[in-house]
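Commentary on secondary and tertiary structure
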Amino acid sequence: MTAAAGVQAGARELGDRGGGWRSRLLTALLVLPASIWYLFLLVLPLAIVVIFSFGVRGARGGFTPAFTLDNYANIFRAVGVDPFINSLWMAAAGTVGCLLVGLPLAYYIATRAGSRKGLFILLLVIPFWVSFLIRTYAWFLILDPQLAVAAVRDLFGNPDFNLLGTPWAVLIGLIYGYLPLMVFPLYVTLERMDRTLLEASKDLGAGRWGTFRQVTLPIALPGLVTGSILVFIPMMGEFVIPQILGYGRTFLVGNALYLDFLEFRNWPAGAAKAVVLIAVMLVTVTFYLWFINRGRRTREASVL
Amino acid sequence: MTDQERIQHIMRRPINRRGFLSLMGASAGAAALAACTSPAGSSPSAAPTYEIENELLTYNWSDYVAPENIETFKQRFGVENFGYDIFANNEELLAKLQGGATGYDIACPTAEYVAGMAEEGFLQELDLSRIPNMQHINATFRKTAWDPEDKYIVPKDYGTTGIMYRKKLVPEPVTSWRELYDLTKGKYSGKTVFVDSMGDVFPFPLKMLGYSLNDNDPAHLKEAGDILLELAPHVHSLDSDTYQVKLANEEAVLCLGWTGPIVDLRADPATADTQYIVPSEGTLYWLDTWVLLADAPHPNAAYAWLNFIHEPEIQKIETESNGYATPNDAAKALVDPEMLADQAIFPPDDVIANLEGSLDHSGVQQRADIWAQFKANIG
């Protein structure tokens with residue numbers, strides 16, 4: 001369905017519900033900017049990426065129109081599937097990490113922070129005022145073997161302890177960089193939670209863990225799903241963090257894409273990798289959603 | 001000139017090698033095409049004497065010509081107005097020419113960009129009979145890969161890609177690519193950093209094996225690739241932006257890189273032991289050039305300048321002023337011996353013949369595959 005058709009369908013739906021032509025016009029006008037945005041900045045670029053992925057590299061780089069499947073056949077030739085596997089692992093670990101840090105934080109802000117709620121939210125937002133690149137370079141200093149990490153090193157008495165240039169540094173950077181995207185959706189769902197449900201659960205004999213598992217978690221689930229997807233998808237394509245904090249040693253899909261587009265100037269090869277990356281993400285996210293929903297259904301059944 | 005002065009001179013123009021290498025292909029790939037395309041402007045008629053105009057307008061990197069030479073030129077040729085506009089990088093120069101900037105006589109692109117500029121008709125072919133001082137230019141910098149027939153380029157100055165190391169921490173002699181290979185694989189495994197640039201790293205195995213760095217023979221590339229892949233696990237990291245930090249904090253002790261950071265490293269007492277050497281097998285060099293623009297309004301003054309600047313005495317002043325190696329042999333003979341001995345500026349005499357300029361190889365699939373594998377296996 002094209003965006004324009006979408007606008008019409010949306011307008012028709014609203015119109016049918018009782019508004020006249022004026023209401024329909026208003027709806028169309030209001031949806032128009034978003035549709036244009038969607039069309040020109042999502043659908044068209046995506047189409048271009050797909051078209052490019054069937055082309056060939058121009059003599060001086062870039063793209064020359066053609067129809068070949070070579071770019072897809074060659075995706076794994078040089079470096080194999082490793083970048084994709086590394087990215088999947090990193091993004092999955094980063095998402096779990098964000099969840100482990102973000103859920104207690106969101107829970108605390110939503111239920112325990114009281115009048116300081118606003119302050120905490122502000123503190124979460126403030127880092128966004130500083131460039132992402134600068135915040136990542138800040139970790140470069142924090143993890144510097146001669147500064148903060150030295151203290152930890154002395155504590156463990158291991159002179160070779162180092163984080164920079166390891167996957168752990170990348171993971172720390174990922175969790176730090178994307179944490180707010182996990183906390184906000186969780187906060188919103190938890191904030192709306194009816195606290196009396198917790199008391200009811202306690203009255204009915206559930207322990208703390210039981211209450212969390214059977215009441216809090218299902219309520220937080222929509223936020224958890226949104227947050228996970230919000231952090232997982234950009235982590236899959238992350239390039240800057242592994243390059244800076246991982247010294248480029250943790251080779252992710254983002255690094256492979258960078259090579260194709262900027263060093264080899266082979267746009268079609270990069271486009272093919274990008275298409276495959278999108279496919280991998282679609283499959284992963286679909287599976288994730290199916291898994292979560294399946295869990296919810298069985299739980300509801302068990303409650304019944 | 002004291003060390004401090006030289007440091008200041010070199011500091012004036014930190015070259016972003018990565019920037020221009022990444023865009024090399026925008027022009028370098030066109031070398032072959034450019035060789036058979038004639039530019040829009042034609043050569044000036046060969047009249048025996050020329051009326052020097054009273055104006056010369058140049059477009060250059062900032063502080064890249066010795067002010068006293070400009071004064072001498074103005075006085076000797078009666079040029080009243082010597083214009084000196086500056087650009088920050090080659091892309092800016094190209095963009096301005098593409099935007100229709102006219103009125104300049106002379107510009108100073110890096111050699112990789114010349115073929116593309118010629119192809120787009122921005123340059124005129126040089127009449128070398130009007131630049132007799134070209135005879136002083138070393139053969140390495142004549143008929144280069146970028147300008148095989150010497151049609152457009154008057155070489156200005158050049159620099160190399162080489163090996164930087166901490167003398168204090170690496171007592172072994174480091175004079176060649178072979179030694180870099182042995183040390184990286186052996187004693188200093190995990191303590192070598194390479195610049196993150198395919199065009200600068202490939203010359204290492206190729207020159208070590210005795211091939212041209214522009215060699216694309218599949219068997220030779222295979223050999224070079226095997227060396228790189230063998231070394232990959234021993235390489236600390238690929239880093240073009242902060243390798244001097246890694247050398248300074250001793251995370252790395254050896255480095256395949258550019259001369260830029262050596263100035264800062266030497267200036268700091270803690271890292272003053274940093275050395276830069278040009279490998280004896282030869283290496284890659286970059287070349288900044290003088291070119292004559294197609295629609296130069298003052299061609300006679302421009303020719304006068306191009307010849308003037310390569311007079312040995314004048315060129316010596318240029319070299320000592322801007323701190324880069326001169327391709328002019330007669331001028332080099334006059335340069336301060338201390339500066340001549342510094343490999344961060346001048347390669348040793350016996351290596352100069354083995355220096356090579358690089359064409360754009362980013363489209364060579366075998367190189368791309370090796371580089372991707374190399375990158376994926378670092379550390």
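Residues numbered from 1 in each chain as written. Chains lettered and ligands numbered in written order. Predicted model: local features only at pLDDT ≥ 70, side-chain atom pairs only at ≥ 80, totals over all residues.

**Looking at the overall build of chain A**
Each helix and strand in chain A was counted, giving 13 helices and 0 strands. Start at the N end of chain A and walk to the C end: the helices and strands fall as α-α-α-α-α-α-α-α-α-α-α-α-α. For chain A, the C-alpha atoms occupy an extent of roughly 75 × 75 × 40 Å along the three principal directions. The burial tally for chain A puts 30% of its 304 residues in the buried class. (Helix = DSSP H or I, 4+ residues; strand = E, 2+ residues; numbered from the N terminus. Buried ≥ 20, exposed ≤ 12 C-beta atoms within 10 Å, placed from the backbone.)

**Points about the overall build of chain B**
Helices and strands together make up the secondary structure of chain B, namely 18 helices and 9 strands. Buried positions account for 51% of the 379 residues belonging to chain B. Long-range contacts, defined as pairs at least 24 residues apart, comprise 80% of the intrachain contacts of chain B with a sequence gap of at least 6. (Contact = placed C-beta atoms within 7 Å.)

**Points about the interface of chain B and chain A**
Every contact between the two is made by 21 residues of chain B and, on the other side, 22 residues of chain A. Per element, the largest residue contribution to the side of chain B that touches chain A is 6 residues, and it comes from helix α18 (residues 365–376) of chain B. Among the residues forming the side of chain B that touches chain A, the class breakdown is 8 nonpolar, 9 polar and 4 charged. (Nonpolar A, V, L, I, M, F, W, Y, C, P; charged D, E, K, R; others polar.)

**Topic: the environment of A333 of chain B**
For A333 of chain B, the position within the fold is in the loop between α15 (329–332) and α16 (337–340). Between the C-alpha atoms of A333 of chain B and P312 of chain B, which are 21 residues apart in sequence, the distance is 8.6 Å.

**Some words on the nonpolar core**
Counting 154 residues, the largest nonpolar core has V114, C255 and V291 of chain B as its most contacted members. By residue number, the principal contributor to this core is helix α8 (residues 167–191) of chain A, which donates 14 residues. (Core = buried A, V, L, I, M, F, W, Y, C linked by C-beta atoms within 7 Å.)

**Re the pairing of strand β9 (residues 285–292) of chain B**
Consecutive side chains of a regular strand alternate in pointing toward one face of the sheet and then the other. Residues and elements named next belong to chain B. Counted residue by residue, β9 has 8 buried out of 8 residues, so it is predominantly covered. Of the two faces of β9, the one holding Y285, L287, T289 and V291 and the one holding W286, D288, W290 and L292 are both buried throughout. Taken together, the 2 bridges between strand β3 (residues 106–107) and β9 define a ladder with antiparallel strand orientation. Within β9, the residue paired with A107 across the bridge is V291. (Pairing = 2+ DSSP bridges.)

**Observations concerning the confidence of the model for chain B**
Mean pLDDT for chain B: 86, with 87% of residues reaching 70 or above. Confidence estimates for the predicted assembly give a pTM of 0.78 and an ipTM of 0.77. (pLDDT = per-residue confidence, 0-100.)

**Considerations on the packing of helix α4 (residues 82–111) of chain A against helix α10 (residues 208–236) of chain A**
All names here are of chain A. With their axes 9 Å apart at the nearest point, α4 and α10 run at an angle of 145° to one another. Viewed along their axes, α4 and α10 form a crossing whose handedness is right-handed. Where α4 abuts α10, its residues S87, M90, A91, G94, T95, C98, L99 and G102 lie against G227, S228, V231, F232, M235 and M236. (Axes fitted to C-alpha atoms, helices over the stretch in contact; angles between N-to-C directions. Left-handed = near helix turned anticlockwise from the far one by under 90°.)

**Notes on helix α5 (residues 90–98) of chain B**
Residues and elements named next belong to chain B. The complete set of buried residues in α5 reads N90, L93, L94 and L97. Within α5, the buried residues cover an arc of 95° as seen down the axis, which keeps them to one side. Those residues of α5 that are exposed and aimed more than 90 degrees away from the buried face are E92 and A95. A positive backbone phi angle near 90° is found at G100, which sits one or two residues after α5. (Arc of directions from axis to C-beta.)

**Thoughts on unusual backbone geometry**
Phi is positive for Y247 of chain A, which is not a glycine, with a value near 55°. In this fold, Y247 of chain A is placed in the loop between α11 (240–244) and α12 (253–263). With 25 C-beta atoms packed within 10 Å, Y247 of chain A lands in the buried category. The residue D150 of chain B is not glycine, and still its phi comes out positive at about 50°. With respect to the element layout, D150 of chain B can be found in the loop between α6 (114–119) and β4 (154–166). For D150 of chain B, a count of 17 C-beta atoms within 10 Å puts it in the partly exposed group.

**Some remarks on the packing of helix α10 (residues 218–231) of chain B against α18 of chain B**
All names here are of chain B. Direction vectors running N to C along α10 and α18 enclose 5°, while the axes themselves pass 10 Å from each other. The orientation of α10 relative to α18 falls into the category roughly parallel. Here P218, L221, G225, L228 and L229 of α10 come into contact with α18, specifically with Q366, R367, I370, Q373 and F374. Grouping the amino acids of the contact of α10 with α18 by side-chain chemistry returns 6 nonpolar, 3 polar and 1 charged. (Parallel < 35°, antiparallel > 145°, perpendicular 65-115°, else oblique.)

**Examining the pairing of β4 of chain B**
Residue and element names in this part refer to chain B. Extensive coverage of β4 is indicated by the burial of 12 of its 13 residues. Relative to β9, β4 is paired through 6 bridges, and the arrangement is antiparallel. In the sheet register, D157 faces β9, and the bridge partner there is D288. With 5 bridges joining them, β4 and strand β7 (residues 254–258) adopt antiparallel strand pairing. Residue pairing for β7: G162 is matched across the bridge by G257. Where β4 meets strand β8 (residues 274–277), 4 bridges bridge the pair, whose relative direction is antiparallel. Bridge pairing in β8 places Y165 opposite Q275.

**Topic: the environment of F54 of chain A**
Residues and elements named next belong to chain A. Among the structural elements, F54 can be located in the loop between α2 (21–52) and α3 (70–73). For F54, a count of 18 C-beta atoms within 10 Å translates into the label partly exposed. Separated by 10 residues in the primary sequence, F54 and T64 place their C-alpha atoms 9.6 Å from one another. In contact with F54, not counting residues within four places along its chain, are A66, F67 and T68.

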